[in-house]
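Here is how the chains run, residue by residue.
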Amino acid sequence: MTKQSTYSVPYLYDNIAAKRTSAPLTVSVPGSKSITNRALLLATLADGMSTLRGALFSDDSRHFLKCIQDLGFEAQTDEAARIIHVRGMGGAVPLPEASQYVGSAGTAARFLTAFLGLSQGVYHMDASEQMRRRPMAPLLDSLRELGCEVIYEADTGESLSSAAPPEASLTENLSREISPLGGFPKGSFPFTLRSHGFRKNSIRVNIDESSQFLSALLIASCLCKEDFTTSVEGTHGMAYIEMTRKMMAQFGVETLAQDERTFLTKAGQHYRALDYQIEPDASAACYFYAMCPLLHIPVRVDNVHFDSLQGDVEFIRILERMGCQAKDTPRGILLEPPAAERFHGITADMSACSDQAITLAAIAPFADAPTTITGIGHIRFQESDRIAAIAAELSKMGCRCEARTDSITIHPGAPKPSTVETYDDHRVAMGFSLTGLRSPGIVIANPGCCRKTFEDYFEVLDQVAGWAMS
């Protein structure tokens, strides 16, 4: 993991153009963050010992693991072998009272809050200052309606959390005013859950700000002793919901889609312990696939296939629309560059793969026409306001773009040297590193923020540079 305060992106375009190789750039990426964290919760809810193979070890997954252990669950890790062993207790929580510190992990924040809020006990929940600014209110409102008491510092006049202290760094959020420590509004961390199980057998939740609210409630829904109905408002992130439902089914619990907005979980179902293989992270793979049109090289990422549980494989289809050609091979998807040197600017609805909005924006200045990214209003409420971050960083590079509430248009241009402010957001750091591969003078501030999901990303990027220079 890089410990540098900045990272100077290696300019590779001229070397690769001179190299004119037909051999693909081949890389391996860590396990999926989304699958690892879902599997951690499902294993915790299962009855018996689960073994999770190919797991991702990053800030987010380590926070999730620490929370599980702080609840009294048995969990052992072998980071070198990428294996996690978790002994579940059939939906029970070992400790009736505990403190939880989720760091900046959105999945841990939402999934554990739903699980604990629908259990029996008292749980003190806290998070990093970054996570304290991210949306939680729709999930907490649903838990209140289901019978959980949610108590905030403002209700008691004292600190509720005895978990680890908040992180020292303050991440800039470009779209909302940052409250001072202790002044975070109701509907966000920190809070205490006084949980009494289910007082109702149905709930409606709004997912405009995060699909994780729905995933969290679906995973915990089988703890209800009656048939449970979950209704949804909004359509954001349904690819992640399908991932959640498929993984629930793999662990033994089916959710029935009564229509596109209503899900039924029949009573009496239980998660079973599994020996479970986690897929490589398609989100991480996309940074390397984006190098295909950007550097005009073939790219293959080991063991990434179109039948993945992960919605971000849709990004490869977007690259096909820009002129690339994809073939799913036994070793992984092989992406070939466009026949022409330049790739096409397009309009792309990225609601199914919104984590790649920055990735597309970072290569868009090199397209032959403007690129418009739509369906991404919710990314304003992630680790940073990502639409504002795209606009700010491309503008600093001299690239013209127009940001709107839920979309952005990037015009072709020649990016100038610039230091990219990353806002403690791993997607900003990894995405804009791509720009520097084709335009010299791009520097990434705080590259260590990538430890959230892909802690050795820049070391792998250095390996790519070595391949290009050889």
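Right, let's walk through the structure included here. Since this is a predicted model, take the numbers as computed values, not measurements.

In this section: the overall build of the protein chain. Scanning the protein chain from N- to C-terminus turns up 16 helices and 23 strands. For a compact globule of 470 residues, the expected C-alpha radius of gyration is about 23 Å, and the protein chain comes in at 22 Å, within 12% of that figure. By its C-alpha atoms, the protein chain is 65 × 50 × 40 Å across when sized along the principal axes. Considering only contacts in the protein chain between residues 6 or more positions apart, those separated by 24 or more positions represent 77%. Here the protein chain displays about 16800 Å² of accessible surface, and carbon together with sulfur accounts for 48% of that area. Mean positive and mean negative side-chain charge positions of the protein chain (43 and 55 charges, respectively) differ by 2 Å.

Take the pattern of salt bridges next. Counted according to the given criterion, the structure contains 24 salt bridges. A salt bridge links R53 to D275; the nearest nitrogen and oxygen atoms lie 2.8 Å apart. Placement of R53 in strand β3 (residues 47-53) and of D275 in strand β14 (residues 275-277) is noted, with a sequence separation of 222 residues between them. E320 serves as the salt-bridge partner of R317, at 2.9 Å between the closest nitrogen and oxygen. You can see R317 and its partner E320 sitting in helix α12 (residues 314-321), three residues apart, about one turn around the helix. Using a relative accessible area of 34% as the deciding quantity, one classes R317 as partly exposed.

As a further point, take unusual backbone geometry. F189 connects to P190 through a cis peptide bond whose omega is 0°. Within the element layout of this structure, P190 appears in the loop between α7 (153-156) and β9 (191-196).

Turning our eyes to something else, we now look at the nonpolar core. Counting residues in each nonpolar core, the largest one holds 80 residues, and the members touching the most others are F288, Y289 and M350. Setting aside anything within four residues of it in sequence, one finds F288 in contact with V27, V29, V299, V301, F454, Y457, V460 and V464. Judged by nonpolar contacts, the second largest core, of 75 residues, contains A108, A109, I219 and A220.

The subject of this paragraph is helix α14 (residues 386-396). The buried fraction of α14 amounts to eight of the 11 residues, a majority that puts the element mostly inside the structure. Lining the buried residues of α14 we find α13 (357-363), β20 (401-403), β21 (408-410), β22 (418-420) and α15 (426-438). Where α14 begins, the side chain of D385 points an oxygen toward the backbone nitrogen of I387, at a separation of 3.4 Å. Of the residues trailing α14, G398 is marked for its positive phi of about 85°.

Cut-off values and rules
Each chain has its residues counted from 1, following the order in which its sequence is written. Reporting of local features is limited, given that this is a predicted model, to residues whose pLDDT is at least 70; pairs of side-chain atoms are given and counted only at 80 or more, and all residues count toward the totals for whole chains, interfaces and linings. Derived side-chain values reflect all non-hydrogen atoms in the structure, with water molecules and hydrogen atoms excluded from consideration. Put simply, DSSP H or I for four residues or longer makes a helix, DSSP E for two residues or longer makes a strand, and each gets a number counted from the N terminus. Just to be clear, the radius of gyration here is over C-alpha atoms, and the globule rule we use is 2.2 Å times residues to the power 0.38. Residue contacts are counted whenever heavy atoms from the two residues lie within 4.5 Å of one another. Here, Shrake-Rupley sampling with a 1.4 Å probe gives the accessible areas, and only protein chains in the shown set may cover a residue. Charged residues are defined here as Lys and Arg on the positive side and Asp and Glu on the negative side; His and the ends of the chain fall outside this count. For the purpose of locating charges, the reference atoms are NZ of Lys, CZ of Arg, CG of Asp and CD of Glu. Salt-bridge detection follows one rule: a side-chain nitrogen of Lys or Arg within 4 Å of a carboxyl oxygen of Asp or Glu. Using a 1.4 Å probe on the protein chains alone, a residue whose accessible area is under 20% of its type maximum counts as buried, one over 50% counts as exposed, and one in between counts as partly exposed. By nonpolar core is meant a set of buried Ala, Val, Leu, Ile, Met, Phe, Trp, Tyr and Cys residues that side-chain atoms within 4.5 Å join together. Under this definition, polar contacts are N or O atom pairs within 3.5 Å; protein pairs additionally need one hydrogen-donor-capable and one acceptor-capable atom, and for neighbouring residues in sequence, both atoms have to be side-chain atoms.

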